[in-house]
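# Coordinate analysis (summary)
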Amino acid sequence: MNPFPIAWASLRRNSFTGVLFLLIVALAVALGIAISAQERALRIGSARAADKFDLIVAAPGSHNDVLFSTVYLDPTAVELLDPAITRLLFEEAEADFVAPIGFGDAIGSDPVVGTVAPFVDHLSGGLAEGRLFEDINEAVVGALSPHAVGNELEVSHGHGGATGTDADAAADAIEAGEAVPGGDGDHPHITIVGRMQPTGTPWDRAIVVPIEYNWAAHGLGTGHLPQDTHIGAPFDPDALPGLPAVVVKPKDVAAAYGLRAAYRTPQSTAFFPAEVLVELYALLGDATAIMSGLTLAAQALVVAAILAGIVAILDLQRQRFAVLRALGASPLFIFTTVWIYVAAIVVTGALAGLVLGWGAAWVVSDLLAQSTGVAMRAEIGARELSLVSTLVGLGLLLAVVPALIIYRRPVVDALR
Amino acid sequence: MPGLPLAVSGLRLAFAGADVIDLPSLAIAPGTMTVLSGASGSGKSTLLYLLSGLLRPDAGSIAWAGTDIALLGESRRDRWRRKEAGFIFQNFHLIEEMSPLDNVLVPIWLDSFSANAKRRRALDLLRQLDVPAERDSVAKLSRGQQQRVAIARALSGNPSIIFADEPTASLDAAAGETVAAILQRLAREDGRTVVVATHDPALKVLADQSLLLDHGKREPAP
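Remember, predicted model here, so these are calculated numbers, not experimental data.

Below, the discussion takes up the UniProt feature "domain: ABC3 transporter permease C-terminal" (unreviewed entry) in chain A. In the numbering used here, UniProt assigns the feature "domain: ABC3 transporter permease C-terminal" (unreviewed entry) to residues 300–409 of chain A. The span residues 300–409 of chain A is 84% helical and 0% strand by assignment, and the distance between its end C-alpha atoms comes to 26 Å.

This is the structure:
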């Protein structure tokens, strides 16, 4: 037997309703897929962004705040780390490098972050263009920064605020190795000398300056003796100012855990970004599980409602099925025809929903990446396929119900 | 395809305690056209459905060439109908979303996955019945043409018996005459057994045998 031509003709008979049912299934599935794929994209993107920040040491307080301000460059007020702790960190034999991180300035909406050249190199994995900064007034920009190598920029204090004043005087003072007159708000011009490789982090939009620039611009000296104009380590232990955070690259795993334990003191805290993210993901995961459950329940209800609608639609075609019976169609033929009819709507709707959901997640990921700087790519994974398979399986199983209802209709009554 | 002889005896069907069919005997010879007539509600369509195995009697036998279809289970009656019978209805009951050719192939799909082997025969039938096979939908055909597609569909499985329920009732006089002539030809020339439930006097004139029913009982011919 070949019930496909009849099923196809039945679908064409109420094509508008069929397409409507298909779209409803597609939208229900797309919602679940989008939530699931987006949540995973967010999780993977944020985890990847924190990858190169091996161990963060900061003043005691919220790990979340430090993580968000250091890794995701989210402007958050954090306590400054005692310079005595920074001094100890710079003397650590178990660290490959110690990178002070300073922030609080911006050019337009792009954050200006102070650090040391080895961390830029570590984060970027080599530059895409130009060179690392070698002078206090030089900067390296992130891969997505609109500023070109060779551009001169004026930094403003705070995020997206007004530009600084008396910038040239501050620059002269810094060049001379003196404390910047006027302190906070005096930001000399900087010249962009290099562009980082894409990192998939908000650092891709950042303007990265030597930490000395950051300190000097805030009237905190340069971390070196006044006559010392070099940038980067070693710093003068007595000239070190406080820092929002220090990123440490431990020599190995044992060193990482050792350093983490050593700097969890009343004066400082140390944490792996992953441990903070795991807590956040657990929270996010719970929310996602609840949303996924609700979505699946909504999808099941949608399928059940559609099946009820299909029974009504097919009931209008009962005469057609009765005629087929009169022509000799077996009940199995009628059952299979109706089952194919329902399955075609559910399966096509689910597949369309998969594509639609993936597309929606892709668009949302793109928008989120643009607003946060965290690279996100929505992908269809086993969880989404399992979600669709569950719904399709449920649909195919429930399709038996209208098939049973229709094939049991009395033939002669429908023929009269 | 030679037709099959029918022998009915003691046929009874009751509904809500009242007999709707009570037919002690009926014999139909192959190669003949038998007309079941009577007023509305007389039981002619019910008898047609009994003879075709769509309804099962409460008592009696319906023996087509010795096969008592009253004793067959549902699936065997379905198979018997697929093999031996073709059906024509008053309102044609074609599948509007299909072409004339595909409508004719429907009975083939009830049995086989591929209808390719029967495509030539279906086209020949449509040509013989003067129906344009190339139309994309039967809905675009005239009512007379649609009934002829329905006849071609009934013949596509090359059945021995043709059951027709008011085949001319919704046609104009000319189209009705054409259909009546075709049915007569199917009996006389092809040798099939044709059983028609109808009000149409033109069909009664062409019939080899006429059975007048009143409340499910055979009435003497006027």
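Now that the structure has been shown, we can carry on.
Residue and element names in this part refer to chain A. Inspection of the entire model under this criterion finds three cavities of 30 Å³ or more. Reported here for the largest cavity is a volume of approximately 70 Å³. The wall of the largest cavity is formed by R318, F321, A322, R325, I334, I406, Y407, R409, P410, V411 and A414. Contributing elements (two or more residues each) for the lining of the largest cavity: α10 (318–326), α13 (400–407) and α14 (411–415). Considering every element that reaches the lining of the largest cavity, the biggest residue donor is α10, with four residues. Here the residues of the lining of the largest cavity sort into eight nonpolar, no polar and three charged.

Glancing now at the domain arrangement of chain A. Residues and elements named next belong to chain A. Along its sequence, chain A is carved into domain 1 (4–46 + 279–415) and domain 2 (55–271). Computed from C-alpha coordinates alone, the two centres of domain 1 and domain 2 are separated by 52 Å. Contacts between the two partners involve eight residues from domain 1 and, on the opposite side, seven residues from domain 2. In total, about 570 Å² of surface goes out of reach between domain 1 and domain 2, with carbon and sulfur atoms giving 54% of it. Applying the counting criterion to the domain 1 and domain 2 interface returns zero salt bridges. Our enumeration of links across domain 1 and domain 2 arrives at three residue pairs in polar contact (both at pLDDT 80 or more). When grouped by side-chain class, the residues that make up the side of domain 1 that touches domain 2 number four nonpolar, four polar and no charged.

A separate point is the nonpolar core. If you look at the biggest cluster of nonpolar residues, it comprises 113 residues, and the most contacted ones within it are L51, W64, F163 and L183 of chain B. No other element matches the nine residues that helix α11 (residues 331–372) of chain A contributes to this core. Excluding residues within four positions of it along the chain, L183 of chain B makes contact with M33, I88, I162, A164, P167, V194, V196 and L203 of chain B. By size, the runner-up hydrophobic cluster in this structure holds 73 residues, among which are A49, A95, I190 and Y263 of chain A.

Quick look at unusual backbone geometry now. The omega angle of the peptide bond from A233 of chain A to P234 of chain A is 0°, so this bond is cis rather than trans. Structurally, P234 of chain A is set in the loop between α7 (211–217) and β10 (245–250). One non-glycine residue, L73 of chain A, adopts positive backbone phi at about 50°. Among the secondary structure elements, L73 of chain A is positioned in the loop between α3 (63–70) and α4 (83–90). You will see that D130 of chain B, though not glycine, has its phi angle at about 60°, which is positive. Here D130 of chain B lies in the loop between α4 (116–128) and α5 (143–155).

It is worth spelling out the interface of chain B and chain A at this point. One frequently used descriptor of interface size is the decrease in accessible area upon assembly of the parts. With 23 residues of chain B at the contact, the number on the chain A side is 24 residues. Of the roughly 2,300 Å² buried where chain B meets chain A, counting both sides, 62% is carbon and sulfur surface. When the buried surface of chain B facing chain A is broken down by residue, H93, E97 and L110 of chain B rank first, second and third, together holding 28% of it. Where E74 of chain B meets R325 of chain A, a salt bridge forms, and the shortest distance between an N and an O atom there is 3.1 Å. Taken together, the connections running from chain B to chain A amount to eleven residue pairs in polar contact (both at pLDDT 80 or more). Element by element, the count of residues in the side of chain B that touches chain A is highest for helix α2 (residues 74–84) of chain B, at four residues.

Per the stated rule, a full pass over the model turns up 13 aromatic pairs over all chains. Ring centres of F4 of chain A and F113 of chain B lie 6.3 Å apart, and the angle between their planes is 75°; this geometry places the pair in the edge-to-face category. With F4 of chain A in helix α1 (residues 4–13) and F113 of chain B in the loop between α3 (100–109) and α4, this residue pair bridges two chains. With 6.1 Å between their ring centres and 65° between their planes, F97 of chain A and F119 of chain A make a pair best called edge-to-face. Of this pair, F97 of chain A sits in strand β2 (residues 95–107) while F119 of chain A sits in helix α5 (residues 117–124), placing them 22 residues apart in sequence.

Before going further, it helps to spend a moment on the confidence of the model for chain B. Scored by pLDDT, chain B has a mean of 89; 99% of the residues are at 70 or more. Ranking the elements of chain B by mean pLDDT puts α4 of chain B last, at 86, and strand β8 (residues 193–197) of chain B first, at 95.

With that settled, consider the UniProt feature "transmembrane region" (unreviewed entry) in chain A. Residues and elements named next belong to chain A. As annotated in UniProt, the feature "transmembrane region" (unreviewed entry) corresponds to residues 296–317, 338–365 and 385–407 in the numbering used here. Taken end to end, residues 338–365 has its terminal C-alpha atoms 40 Å apart, with 100% of it in helix and 0% in strand. The distance separating the terminal C-alpha atoms of residues 385–407 is 32 Å; by composition the span is 96% helix and 0% strand.

All names here are of chain A. With respect to the helices, strands and loops of the structure, E138 is situated in strand β5 (residues 138–141). In this structure the side chain of E138 is engaged in a polar contact, spanning 2.8 Å, whose partner is the backbone nitrogen of E134. Ignoring anything within four residues of it in the chain, the contact list for E138 reads R131, L132, F133, T191, V193, V208, V209 and P210.

All names here are of chain A. Structurally, L132 can be placed in the loop between β4 (127–130) and β5. For L132, a relative accessible area of 24% puts it in the partly exposed group. Counting along the chain gives 125 residues from L132 to A7, while the straight-line C-alpha distance between them is 68 Å. Beyond its immediate chain neighbours, meaning those up to four positions away, L132 contacts A117, V120, D121, L127, E138, V140 and V193.

Its place among the elements puts L316 of chain A in the loop between α9 (273–315) and α10. Measuring from C-alpha to C-alpha, the distance between L316 of chain A and D286 of chain A comes to 45 Å, with 30 residues separating the pair along the chain.

Counting buried positions along α5 of chain A gives six out of eight residues, so the element sits mostly inside the fold. Remark: G125 of chain A follows α5 of chain A within two positions and exhibits a positive phi of approximately 65°.

All right, on to a nonpolar patch on the surface then. All names here are of chain A. Residues W358, W362, V363 and L367 make up a contiguous nonpolar surface patch of about 410 Å² in total accessible area. Along the polypeptide, V363 turns up in helix α11. With relative accessibility at 44%, the residue V363 sits in the partly exposed group.

Here is what the cut-offs are and how they apply
- Residues numbered from 1 in each chain as written.
- Chains lettered and ligands numbered in written order.
- Predicted model: local features only at pLDDT ≥ 70, side-chain atom pairs only at ≥ 80, totals over all residues.
- Heavy atoms only, no water.
- UniProt positions renumbered as here; feature names shortened; annotations may be inferred.
- Helix = DSSP H or I, 4+ residues; strand = E, 2+ residues; numbered from the N terminus.
- 1 Å grid on protein atoms, 1.4 Å probe; cavity = no way out; pocket = protein on both sides within 12 Å on 5 of 7 lines; lining within 4 Å.
- Points joined across faces, edges and corners; volume = space filled by probe spheres on them.
- Nonpolar A, V, L, I, M, F, W, Y, C, P; charged D, E, K, R; others polar.
- Domains from an automatic or database assignment.
- Contact = heavy atoms within 4.5 Å.
- Buried area = accessible area lost by both parts, 1.4 Å probe.
- Salt bridge = Lys/Arg side-chain N within 4 Å of Asp/Glu carboxyl O.
- Polar contact = N/O pair within 3.5 Å; in protein donor to acceptor, adjacent residues only side chain to side chain.
- Core = buried A, V, L, I, M, F, W, Y, C linked by side-chain atoms within 4.5 Å.
- Buried < 20%, exposed > 50% of the residue type's maximum accessible area, 1.4 Å probe, protein only.
- Phe/Tyr/Trp six-rings, centres within 6.5 Å; stacked < 30°, edge-to-face > 60°.
- pLDDT = per-residue confidence, 0-100.
- Patch = residues over 30% accessible without salt bridge, like charges linked within 9 Å, V, L, I, M, F, W, Y side chains within 5 Å.
- Areas by Shrake-Rupley, 256 points an atom, 1.4 Å probe, with all protein chains shown as cover.

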